[in-house]
Amino acid sequence: MRNGHIRWENHYNQILIIMNKLFLLILILLSTMSCTHKDEKPIVLRTMGSLFFGGTVTETADGETVHGDHGYAQYFVPLESRNYPLILWHGIGQSGKSFETTMDGREGYMSMLPRRSWSVYIIDQPRRGRAGLTAAQADTNSLVPSVMPESGAWAAFRNGTWNKDGNPTLFERLQMPQSPQAYDQFFRQQTPNTGEEPRTKEHRDFMGYTMGKLLERIGSAVLITHSNSGQYGWATGMLTPDSLKAIVAYEPASCVFPESLVPVDLDLSPTIPSLNQILEPQIASDKEFKNLTRIPILIVFGDNIPEAPHEHFNYEAWRLSLHRAKQFVETVNRLGGDAKLQILPEIGVYGNTHAPFADLNNQEIADLLEQFLKGKGLDGTDRPHKGPRFDNN
């Protein structure tokens, strides 16, 4: 009996040990799941879809029609949406992919913002991506080194220096995902124009007018631009100020000024003289510019922008663009507007590239965006956005 009791006691102790190990394993798994998904509530949508907006209809010499020069938007509307949707406009050499899944597989603004109850419209601008149809001819003569070659695109995003062996020299504390796969995804994200994109007021107004057609379909919204589309955001604001509740410009390449207050420092770059013309102040009438003073504006710049003249085209370009942005904000506010320049390193956020919304800290960048929108009273939910209007009559 004693030996049997001992065997049972040993067996019981083994069972306890196994149960304790299983319990610890369950706790570890639950903890891991909690950490992984603690900020990821399910995305519940009212609707999602896509549409084309704006555009022209031209006739060819043989009598055929060409429907082109329109924009494309894909949209995601949460079930419990905030009142005003966010329109996301890509930059030069890019498409709406800029705001989708990041290069290393994390969530971009496409899914991150709907999780936070924001409806989003991600566009491809006319003559780009899924809005590529045009009767215009492509213009390769006016391309800047921000688009080609690939080392230029790498520098334009201020990642460091691209080396052909695939081992780039990176900036310190860089927020770009750092892996061969991420680098490969970065380069494959670049996409060309299918037609010319002239640097003229006429074309900027055309882009603003086209965006106005999307606003007619979706109602009042917040416009978020990136890089080269910053100029089109200003054009949209001047043409349709009643439809824009705010403009958020991530690193706008160019800024507009009223004809009575054009900056006089036109020769900013002693190292790359061509930039003085490419990034010269864009000019609007005083009446047009006044419309921008009716719209809250936030401009955001990242890290690693040189303070002194630089011999590399793209780094020098961002030095000039930041200088013009400072002048633009000062001009808007001088005329009674509401503009703010947010330079991320100056508020303790370091290492961001030219596309902070896709960087490793893009959750923090989204927090800053929401803080701005909340501060302007634009985060309400009492009249939730329900999606675009389709007129099928």
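About the criteria used
Residues numbered from 1 in each chain as written. Predicted model: local features only at pLDDT ≥ 70, side-chain atom pairs only at ≥ 80, totals over all residues. Heavy atoms only, no water. Helix = DSSP H or I, 4+ residues; strand = E, 2+ residues; numbered from the N terminus. Buried < 20%, exposed > 50% of the residue type's maximum accessible area, 1.4 Å probe, protein only. Contact = heavy atoms within 4.5 Å. Areas by Shrake-Rupley, 256 points an atom, 1.4 Å probe, with all protein chains shown as cover. Polar contact = N/O pair within 3.5 Å; in protein donor to acceptor, adjacent residues only side chain to side chain. Pairing = 2+ DSSP bridges. Axes fitted to C-alpha atoms, helices over the stretch in contact; angles between N-to-C directions. Phe/Tyr/Trp six-rings, centres within 6.5 Å; stacked < 30°, edge-to-face > 60°. Lys NZ or Arg CZ within 6 Å of the ring centre and 35° of its normal. Left-handed = near helix turned anticlockwise from the far one by under 90°. Nonpolar A, V, L, I, M, F, W, Y, C, P; charged D, E, K, R; others polar.

Q: Explain the overall build of the protein chain residue by residue, including any values.
A: When its secondary structure is counted, the protein chain shows ten helices and 14 strands. Counting every position in the protein chain, which comprises 393 residues, the buried fraction comes to 51%. Long-range contacts, defined here as pairs at least 24 residues apart, represent 77% of the contacts in the protein chain between residues at least 6 apart. As displayed, the protein chain offers around 19,500 Å² of accessible surface, 52% of which is attributable to carbon and sulfur atoms.

Q: Pulling in residues and values, what's your account of the side chain of Asn83?
A: Its place among the elements puts Asn83 in the loop between β4 (71-78) and β5 (86-89). Within the structure, the side chain of Asn83 is placed 2.7 Å from the side chain of Asp382, a separation counted as a polar contact. Beyond its immediate sequence surroundings of up to four residues, Asn83 is in contact with Gly380, Thr381, Asp382, Arg383, Pro384 and His385.

Q: Provide a residue-level description of the sheet that holds strand β1 (residues 45-53), including the pertinent values.
A: In spatial order, the strands read β1-β4-β6-β5-β9-β10-β13-β14; together these eight strands make up an open sheet with mixed pairing. Where the open sheet ends on each side, the last strands, each with one partner, are β1 and β14 (339-343). Across this sheet, the average inter-strand angle for adjacent strands is 15°, counted without regard to direction. The pairing of strand β9 (residues 221-226) with strand β10 (residues 244-250) spans six bridges and is parallel. When the bridges of β10 are listed, Leu223 appears paired with Ile247. The sheet strands contacting helix α5 (residues 201-218) are β1, β4, β5, β6 (120-124), β9 and β10, and the helix crosses β1 at an angle near 145°. Across the face of the sheet, helix α6 (residues 230-239) comes into contact with β5, β9, β10 and β13 (297-301) while running at roughly 165° to β10.

Q: Which residues make up the packing of aromatic side chains, and what values go with them?
A: One pair of aromatic rings is described through two measures. These are the centre distance and the angle between the planes. Summed over the entire model, instances satisfying the criterion amount to 19 aromatic pairs. Seen from their ring centres, Phe257 and Phe328 are 6.4 Å apart, and the 80° between their planes marks the pair as edge-to-face. With Phe257 in strand β11 (residues 256-258) and Phe328 in helix α9 (residues 313-334), this pair connects stretches of sequence that are 71 residues apart. By the burial criterion, Phe257 is buried, and Phe328 matches it. Taken together, the ring pairs in this structure connect Trp154, Phe157, Trp162, Tyr183, Phe186 and Phe187 into an aromatic cluster. Against the face of Trp118 rests Arg82, its NZ or CZ located 4.8 Å from the ring centre. The side chain of Arg173 reaches across the aromatic face of Tyr350, ending 4.3 Å from its centre.

Q: Before we move on, could you go through the packing of α5 against α6 and cite the residues and values that matter?
A: Relative orientation of the contacting elements α5 and α6 amounts to 65°, with a least axis distance of 8 Å. Of the two elements, α5 crosses α6, and the hand of that crossing is right-handed. For the pair α5 and α6, contact is made by His203, Arg204, Asp205, Met207, Gly208, Tyr209, Met211 and Leu215 and by Gln231, Tyr232, Ala235, Thr236 and Leu239, respectively. Counted by class, the contact of α5 with α6 contains seven nonpolar, four polar and two charged residues.

Q: Tell me about the side chain of Gln231, residues and numbers included.
A: Among the secondary structure elements, Gln231 is positioned in helix α6. At a separation of 2.9 Å, a polar atom in the side chain of Gln231 contacts the side chain of Gln282. Setting aside anything within four residues of it in sequence, one finds Gln231 in contact with Arg204, Ser254 and Gln282.

Q: Could you give an account of the pairing of β4, with specific residues and numbers?
A: The buried count for β4 comes to eight of eight residues, which makes it a mostly enclosed element. Burial of the side chains of β4 extends over both faces: Gly71, Ala73, Tyr75 and Val77 are buried on one face and Tyr72, Gln74, Phe76 and Pro78 on the other. In this sheet, β4 lies alongside β1 in antiparallel orientation, the contact comprising eight bridges. Along β4, the bridge assignment pairs Gly49 with Tyr75. Pairing of β4 with β6, which is carried by five bridges, proceeds in the antiparallel orientation. Across the sheet, the residue bridging to Tyr75 is Tyr121, located in β6.

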